[in-house]
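The chain contents come next:
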2 protein chains.
Amino acid sequence: MKEFEVIKEFFTAQPVNRKDVAMGIGDDCALIHASDHKYIAITTDTLVSGVHFPEDTPARAIGHKAVSVNLSDLAAMGAEPCWISVAITLPSVDSEWLAEFTAGIFELTEYFNVQLIGGDTTSGPLSVTITAQGTVPKGKALCRHGATNGDWVYVTGEIGEAGLALQALREQVVLSPREMQHAMEALNYPKPQVLAGQIIREYASSAIDISDGLLADVTHLCRASTLGVNIDVNDIPIAPVLIDRLGEEDAARLALTAGDDYQLIFTVPDTNRVALETELNHANIKTSCIGQMNTSQEINISRGDKLLSFAESGFEHFS
Amino acid sequence: MKEFEVIKEFFTAQPVNRKDVAMGIGDDCALIHASDHKYIAITTDTLVSGVHFPEDTPARAIGHKAVSVNLSDLAAMGAEPCWISVAITLPSVDSEWLAEFTAGIFELTEYFNVQLIGGDTTSGPLSVTITAQGTVPKGKALCRHGATNGDWVYVTGEIGEAGLALQALREQVVLSPREMQHAMEALNYPKPQVLAGQIIREYASSAIDISDGLLADVTHLCRASTLGVNIDVNDIPIAPVLIDRLGEEDAARLALTAGDDYQLIFTVPDTNRVALETELNHANIKTSCIGQMNTSQEINISRGDKLLSFAESGFEHFS
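Note that this is a predicted model, so its numbers are computed, not measured.

Procedures and definitions
Residues numbered from 1 in each chain as written. Chains lettered and ligands numbered in written order. Predicted model: local features only at pLDDT ≥ 70, side-chain atom pairs only at ≥ 80, totals over all residues. Heavy atoms only, no water. Least-squares fit on C-alpha atoms with pLDDT ≥ 70 in both. Contact = heavy atoms within 4.5 Å. Salt bridge = Lys/Arg side-chain N within 4 Å of Asp/Glu carboxyl O. Helix = DSSP H or I, 4+ residues; strand = E, 2+ residues; numbered from the N terminus. Buried < 20%, exposed > 50% of the residue type's maximum accessible area, 1.4 Å probe, protein only. Polar contact = N/O pair within 3.5 Å; in protein donor to acceptor, adjacent residues only side chain to side chain. Buried area = accessible area lost by both parts, 1.4 Å probe. Nonpolar A, V, L, I, M, F, W, Y, C, P; charged D, E, K, R; others polar. Pairing = 2+ DSSP bridges. Axes fitted to C-alpha atoms, helices over the stretch in contact; angles between N-to-C directions. Expected span 1.5 Å × (residues − 1). Bend = angle between axes of the 7 residues up to and from the residue. Phe/Tyr/Trp six-rings, centres within 6.5 Å; stacked < 30°, edge-to-face > 60°. Disulfide = S-S within 2.5 Å.

Engineer: Help me out: how do you make sense of the relation of the copies chain A and chain B in this one?
Structural biologist: What relates the pair of chain copies is a rotation about an axis plus a shift along that axis. Structural alignment of chain A on chain B gives an RMSD of 0.0 Å, achieved by rotating through 180 degrees and translating 0.0 Å along the axis. When the rotation and shift are considered jointly, the pair of chain copies conforms to a two-fold rotation axis. In this assembly, 97% of the residues forming the interface of chain A have copies in chain B that are likewise at the interface, indicating an isologous arrangement.

Engineer: Teacher, can you tell me more about the pattern of salt bridges here?
Structural biologist: Residues and elements named next belong to chain B. Under the counting rule described, the total for this entry stands at 18 salt bridges over all chains. One salt bridge connects Asp-260 with Lys-65, and the closest N-O pair in it is separated by 3.4 Å. Highlighted residues: Asp-260 in the loop between α8 (240-257) and β10 (264-268) and Lys-65 in helix α2 (residues 59-76), separated in sequence by 195 residues. Taken as a pair, Asp-260 and Lys-65 share a single burial class, namely buried. Put simply, Glu-248 and Arg-303 hold a salt bridge, and the shortest N to O gap is 3.8 Å.

Engineer: For this particular structure, what's the right way to read the side chain of Thr-131 of chain B?
Structural biologist: Inspection of the secondary structure assignment puts Thr-131 of chain B in strand β6 (residues 127-137). Of note is the side chain of Thr-131 of chain B, whose polar atom sits 2.7 Å from the side chain of Thr-131 of chain A. Dropping the residues within four chain positions of it, Thr-131 of chain B is found in contact with Thr-131 of chain A together with Ile-42, Thr-43, Thr-44, Trp-83, Ile-84 and Ser-85 of chain B.

Engineer: When you look at the interface of chain A and chain B in this model, what are you seeing that I'm missing?
Structural biologist: Often the size quoted for an interface is simply the accessible area lost on bringing the parts together. Counting residues at the interface gives 66 residues for chain A and 64 residues for chain B. Each partner contributes to the roughly 5,400 Å² buried at the junction of chain A and chain B, and carbon and sulfur atoms together form 64% of this total. On inspection of chain A and its partner chain B, the count reaches zero salt bridges. In this assembly, chain A and chain B are joined by 16 residue pairs in polar contact (both at pLDDT 80 or more). Elements with a minimum of two residues in the side of chain A that touches chain B: α1 (3-11), β2 (30-33), β3 (38-48), β4 (80-90), α3 (95-111), β5 (115-123) and β6 (127-137) of chain A. Residue contributions to the side of chain A that touches chain B peak at ten residues, all from β4 of chain A. Across the side of chain A that touches chain B, the residue classes break down as 35 nonpolar, 24 polar and seven charged.

Engineer: In this structure, what is going on with the pairing of strand β5 (residues 115-123) of chain B? I would like to understand it.
Structural biologist: The side chains of a regular strand alternate between both faces of the sheet. All names here are of chain B. For β5, a buried count of eight out of nine residues is recorded, marking the element as mostly surrounded by other parts of the structure. Judged from the eight bridges that link them, strand β4 (residues 80-90) and β5 form a sheet pairing that is parallel. By the bridge assignment, Ser-85 is partnered in β5 with Gly-118.

Engineer: Can you walk me through the pairing of strand β12 (residues 299-303) of chain A in this structure?
Structural biologist: Residues and elements named next belong to chain A. Here four bridges tie strand β9 (residues 228-232) to β12, and the two strands are oriented parallel to one another. From the neighbouring strand, Ile-231 faces β12, where its bridge partner is Ile-301. Where β12 lies against strand β13 (residues 306-308), three bridges are found, and the strand directions are antiparallel. Counted as the bridge partner of Arg-303 is Lys-306 from β13. What sits between the antiparallel neighbours β12 and β13 is a turn of two residues, in which Gly-304 has the positive phi angle 60 degrees.

Engineer: Quick question: what am I supposed to make of the sheet that holds β2 of chain A here?
Structural biologist: Two orientations exist for strands paired in a sheet by backbone hydrogen bonds: parallel and antiparallel. All names here are of chain A. One open sheet holds the six strands; their spatial order is β1-β2-β3-β6-β4-β5, and the pairing between them is mixed. Strands with a single pairing partner mark the edges of an open sheet, and in this sheet they are β1 (21-23) and β5. Strand-to-strand twist of the sheet, defined as the mean angle between neighbouring strand axes without regard to direction, takes the value 20 degrees. Looking at chain direction, β3 and β6 are connected through eleven bridges and run antiparallel. Looking at β6, one finds that Asp-45 is bridged to Ile-130. Its contacts with the sheet place α3 against β4, β5 and β6, and it is angled at close to 165 degrees to β4.

Engineer: Can you walk me through helix α8 (residues 240-257) of chain A in this structure?
Structural biologist: Each turn of an α-helix holds 3.6 residues, which means side chains three or four residues apart point in the same direction. Residues and elements named next belong to chain A. For α8, which comprises 18 residues, the first-to-last C-alpha distance of 16 Å sits more than 12% below the rise-based estimate of 26 Å (1.5 Å per residue). Of all the bends in α8, the greatest, near 120 degrees, is centred on Gly-247. On its buried side, α8 packs onto α4 (161-169), α5 (177-188), α7 (214-225) and β12.

Engineer: What exactly am I supposed to notice about the packing of aromatic side chains here?
Structural biologist: What describes a pair of aromatic rings is the distance from one ring centre to the other and the angle between the planes of the rings. Evaluated as defined, the whole model comprises eight aromatic pairs over all chains. Residues Phe-11 of chain A and Phe-101 of chain B carry aromatic rings whose centres are separated by 6.4 Å and whose planes lie at 65 degrees to one another, so their mutual orientation is edge-to-face. Remark: Phe-101 of chain B occurs in helix α3 (residues 95-111) and Phe-11 of chain A occurs in helix α1; the pair is interchain, linking two chains. For Phe-11 of chain A, a relative accessible area of 5% puts it in the buried group. Given a relative accessible area of 0%, Phe-101 of chain B falls into the buried group. A centroid spacing of 5.1 Å and a plane angle of 15 degrees characterise the contact between Trp-97 of chain A and Phe-101 of chain A, whose relative ring orientation is stacked. Separated by four residues within a single helix, Trp-97 of chain A and Phe-101 of chain A lie in helix α3, roughly one turn from each other.

Engineer: It is not clear to me how the state of the cysteines should be interpreted in this structure. Could you clarify?
Structural biologist: Here, disulfide denotes a covalent bond that connects the sulfur atoms of two cysteines. Residues and elements named next belong to chain A. Inspection of every chain in the model, using the stated rule, returns zero disulfides over all chains. The thiol of Cys-82 is unpaired, and the distance to the nearest cysteine sulfur, on Cys-29, comes to 11 Å. Residue Cys-82 is classed as buried on the basis of its relative accessible area of 1%. Cysteine Cys-222 is unpaired, with the sulfur of Cys-289 as its nearest cysteine sulfur at 13 Å.

Engineer: Any chance you could explain the environment of Asn-234 of chain A here in plain terms?
Structural biologist: All names here are of chain A. One can find Asn-234 in the loop between β9 and α8. On the basis of relative accessible area, Asn-234 is assigned to the partly exposed category, the value being 45%. Residue contacts for Asn-234: discarding those within four places in its chain leaves Arg-303 and Gly-304.

Here you go:
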């Protein structure tokens, strides 16, 4: 059973009864009515040692990444991050480790003006669970289900370098020391697209962040919107080092199926394209149009005229 | 190093800069300005298998207890619980286990009109982290630091039965099957004092819930209020089965130092005593006056005129 279905089956058994809950389980964040004008967006993500990061990952990277993946969910809703709670389970108290871990957290909280408001410290196998909260104006929250037929599909940044780092750690590919350093930076210190999310929310019809992999996450967006998509791999902003090291075909496969990119996928109605691209250019945010939504409910990946098929559909626990 | 100090040293390194944060780290909940009239109270607690509950604990009890300990923190602030997020890490997907686990969660969320709004499911050693949120009117939030000299110290319910269950599981005491069943119910299915918290907030000057043990938690309250306390063990509502099975002295020791009671300790100015006791009686909530705050900054535990000393001061991780 896939993680997605596990969550859905058991955790949605209780109907949403509270009037102050605008969006419950099923998107990047829940949305709570905070006032007449804004929602509070809430998300929770856990990183487990050996599952979500290699066991020898530096403490600073673990702190940074745990915050990043949560802020990325807020970014995907178009929310401004405000507060986080950090629950950490660790085998023993190591002051040096804790100093580095919290330094990794505070790098991001200071940059984004986010306050660490609480948490819990427990003894056990290493894992970190962060709950992050932000605010988003009503009518501007970006949900997965908002895409409409004909909307253009965009992605921010470059794709695949975190996945390449994991392949290199598993000795499936050999990188130069400099390439390895750059790829490890992408894996360990992902940059949540918070500013992009706040610009996109003015123009986009839907959004999701890439945590499970581009293909898996665009599939989540399509299912939520009851639509299909055509994506041309030639338009995907694959990190050049992937193509150098793996060749075009394997690079595309990795970019589509590896996770941990924490870029945003979003859909834009044709009438908003020019305005959005102009504003993103002004903000110096790289985005690429990779395809278009359609009514087929199929996920078609092509290279030019040639349809491709992919067996793997991204990172899933328990699969 | 004690858990309390671990949290304090590293996680409070970032100053509170956001104006919307009324209370950061250091109390049972953080408090966020939600509107002119109310705060949102936020708390996070993790339960790790083998640390916070025995490994063979039923799934329903784990779900129930994980919600209870978080609602207990909201109760200690006088907050009305509203929304929870559940992050669960489990070794494998077991549908029967998940059905029982979520049943344990939903028992409490339905009773208290709380909405499960999100979470995360990951693969790894069993642990549960819940973030719970509630609302409390401004001016009514119960903090640890609010006690004043001469305030009376109260505790809800009965103390020590969860600790007795743990002793019985460790074969340090023998209980009858019926006593064991009752004690296990106290350990596995603690009842968060949500209603009590909402009544108390109208009259009390401070409050804390008992998770680490009566002695440890009353010490936290005293330190936060920069006061001391005199407590007479004859006034502590020790569960009668403790006295039957352990004798007076060991029963008092266990009641003071075992954790997992999830009752509330609170302080009440003399002028509010009668009104509070009357209202709690009407609501059928058992409370006991166990002592009085003073300026000594010492925690004095006596039996009548005889001062007692306790080496252990409650449940601490990593100690």
